[in-house]
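Summary of structural features
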Amino acid sequence: MISVGARASATGTRREKRAPKRIEVQFRTIVSPHQLNSRWGRRIYWTVLIAVVTGSTLVFVFPLYWMITGAMKTGEEIAQMPPTLFPAHPTFDAFIEAWDLFDIGVLLKNTAFYALGAWLFSMAVDVAAAYALSKLRPMFGNVVLGAMLATLMIPPMVVIIPLYVTIVDLHLLNNAWGLWFPAAANGFNIFLLKRFFDSIPRELVEAAQIDGAGPLRVLWSVILPISRPILGVVSIFTIVTAFKDFLLPLLVMTDSENMTVSVGLSQTAGAVSQNQIMGGLVISSIPMIIVFFIFQRHIMAGLTAGSIKG
């Protein structure tokens, strides 16, 4: 017979085996959560956070502030040493003079025209390439994608001479096509679009195919409506890149009536005063600043979007 003590011992052993094990969480950080939640820990945390955010903001905003205040100063005040942070007698005459001297209205119109064409070509080529690599799965698709991504490792200055020679051979100097064709294919945009297209469930594509939709119909009716966030991000990247590009428009658009705003300002900068240059730079920066403030939510949403909710 088994004694009562033996049965109790066996029961206790079984209970110990059934009891869940406690999981100890180890925090391998410089500051432990206990120290961070203390009174001095919270104070130090917020002090460091505010200092970092303030310093980063000043680094990015101060050049813009210096450009705006420089346009409000006189030429003598800009040249004086040490420089002043605030204009002694603010004036907006430099903005009016810069608009007439640089002919900024024509330059902005040319730049907007080139940016619109670059956006249309980029959307057509990049979306088609990303859709083919993601959903159509062609042979050696990964090799093609790898070759596209490899182009991102090449500095743009390395390919600018072959690109310019190609444009000259095609007789595209002083022609908008000379700026649109190079902007048509972008490996980074294709990569972003492909990653988003990969997150779209395969079942949606198969359901459309069962209903008789072909590849183009699937792209237009299924893929593109879901992909509005990433399409907005790629569109903004393309327009901003075309708007701020300098070297290629400088080589391609040699006639003054075809210049972009960045090239036009640089070509006339030597014949005007510094405050007028600052005024022209401020005016040329306004369109992109407006675009950023309008679409900043779409930029963050598109960059963080990686799946869809059912």
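Criteria and thresholds
Residues numbered from 1 in each chain as written. Predicted model: local features only at pLDDT ≥ 70, side-chain atom pairs only at ≥ 80, totals over all residues. Heavy atoms only, no water. Helix = DSSP H or I, 4+ residues; strand = E, 2+ residues; numbered from the N terminus. Buried < 20%, exposed > 50% of the residue type's maximum accessible area, 1.4 Å probe, protein only. Contact = heavy atoms within 4.5 Å. Areas by Shrake-Rupley, 256 points an atom, 1.4 Å probe, with all protein chains shown as cover. Salt bridge = Lys/Arg side-chain N within 4 Å of Asp/Glu carboxyl O. Phe/Tyr/Trp six-rings, centres within 6.5 Å; stacked < 30°, edge-to-face > 60°. Polar contact = N/O pair within 3.5 Å; in protein donor to acceptor, adjacent residues only side chain to side chain. Axes fitted to C-alpha atoms, helices over the stretch in contact; angles between N-to-C directions. Parallel < 35°, antiparallel > 145°, perpendicular 65-115°, else oblique. Left-handed = near helix turned anticlockwise from the far one by under 90°. Nonpolar A, V, L, I, M, F, W, Y, C, P; charged D, E, K, R; others polar. Core = buried A, V, L, I, M, F, W, Y, C linked by side-chain atoms within 4.5 Å. Patch = residues over 30% accessible without salt bridge, like charges linked within 9 Å, V, L, I, M, F, W, Y side chains within 5 Å.

**Considering the overall build of the protein**
Along the protein, the regular secondary structure elements total 16 helices and 0 strands. In the protein, buried positions account for 29% of the 310 residues. Looking at the protein alone, contacts between residues at least 24 apart form 72% of all its contacts between residues at least 6 apart. Carbon and sulfur atoms provide 68% of the accessible area of the protein, an area that totals close to 20,700 Å².

**Comments concerning the pattern of salt bridges**
Taken as a whole, this structure holds 1 salt bridge when the rule is applied. Of the charged contacts, one joins D198 and K194 as a salt bridge, the two residues approaching to 2.9 Å between their closest N and O atoms. Of the two residues, D198 and K194 both sit in helix α10 (residues 187–199), 4 residues apart, roughly one turn of that helix.

**So, unusual backbone geometry**
At D103, a residue that is not glycine, the phi angle is positive and equals roughly 55°. Among the secondary structure elements, D103 is positioned in the loop between α5 (93–102) and α6 (104–136). Accessibility expressed as a relative area gives 42% for D103, which makes it partly exposed. In this structure, F140 is a non-glycine residue whose phi angle is positive, near 60°. Take F140: it is sitting in the loop between α6 and α7 (141–150).

**What to know about the packing of aromatic side chains**
Counted according to the given criterion, the structure contains 12 aromatic pairs. Where F121 meets W177, the ring centres are 5.3 Å apart and the plane angle is 80°; that geometry is what we call edge-to-face. Placement of the pair is F121 in helix α6 and W177 in helix α9 (residues 177–184), with a sequence separation of 56 residues. For F121, a relative accessible area of 23% translates into the label partly exposed.

**Looking at the side chain of S262**
Among the secondary structure elements, S262 is positioned in helix α15 (residues 261–268). A polar contact of 3.0 Å, which involves the side chain of S262, links it to the backbone oxygen of D245. Other than its neighbours up to four places away in sequence, S262 contacts D245 and F246.

**Quick notes on the environment of P229**
Within the fold, P229 resides in helix α13 (residues 228–244). For P229, a relative accessible area of 31% corresponds to the partly exposed category. P229 sits 33 residues away from F196 along the chain, and the two C-alpha atoms are 9.5 Å apart.

**Re the packing of helix α11 (residues 202–210) against helix α12 (residues 215–226)**
Where α11 contacts α12, the two axes come as close as 10 Å, and the packing angle between them is 155°. If you check the angle between α11 and α12, you find them roughly antiparallel. Relative to α12, the crossing made by α11 is right-handed. Of the residues in α12, those in contact with L204, V205, A208 and Q209 of α11 are V218, V222, I223 and I226. A class-by-class count of the residues in the contact of α11 with α12 yields 7 nonpolar, 1 polar and no charged.

**Here we look at the packing of α6 against α12**
Remark: α6 packs on α12, axes separated minimally by 12 Å, with the N-to-C direction vectors making an angle of 100°. Considered as vectors, α6 and α12 are oriented roughly perpendicular to each other. Contacts from V127, Y131, K135 and L136 in α6 reach P215, V218, L219, I223 and L224 in α12. For the contact of α6 with α12, a count of residues per class yields 8 nonpolar, no polar and 1 charged.

**Some remarks on the nonpolar core**
Counting residues in each nonpolar core, the largest one holds 23 residues, and the members touching the most others are V127, L193, F197, V218, I223 and I230. For this core, the secondary-structure elements that each account for two or more residues are α6, α10, α11, α12 and α13. Aside from chain neighbours lying at most four places away, what touches I223 is Y131, K135, F197, I200, V205 and V218. Judged by nonpolar contacts, the second largest core, of 19 residues, contains I104, L108, V282 and M288.

**Quick notes on a nonpolar patch on the surface**
On the surface, Y45, W46, L49, I50 and V53 cluster together into a nonpolar patch covering about 490 Å² of accessible area. With respect to the helices and strands, L49 occurs in helix α3 (residues 39–71). With relative accessibility at 33%, the residue L49 sits in the partly exposed group.

**Brief notes about the environment of I236**
Its location among the elements puts I236 in helix α13. Between the alpha carbons of I236 and F292 there is a distance of 8.5 Å; along the sequence they are 56 residues apart.

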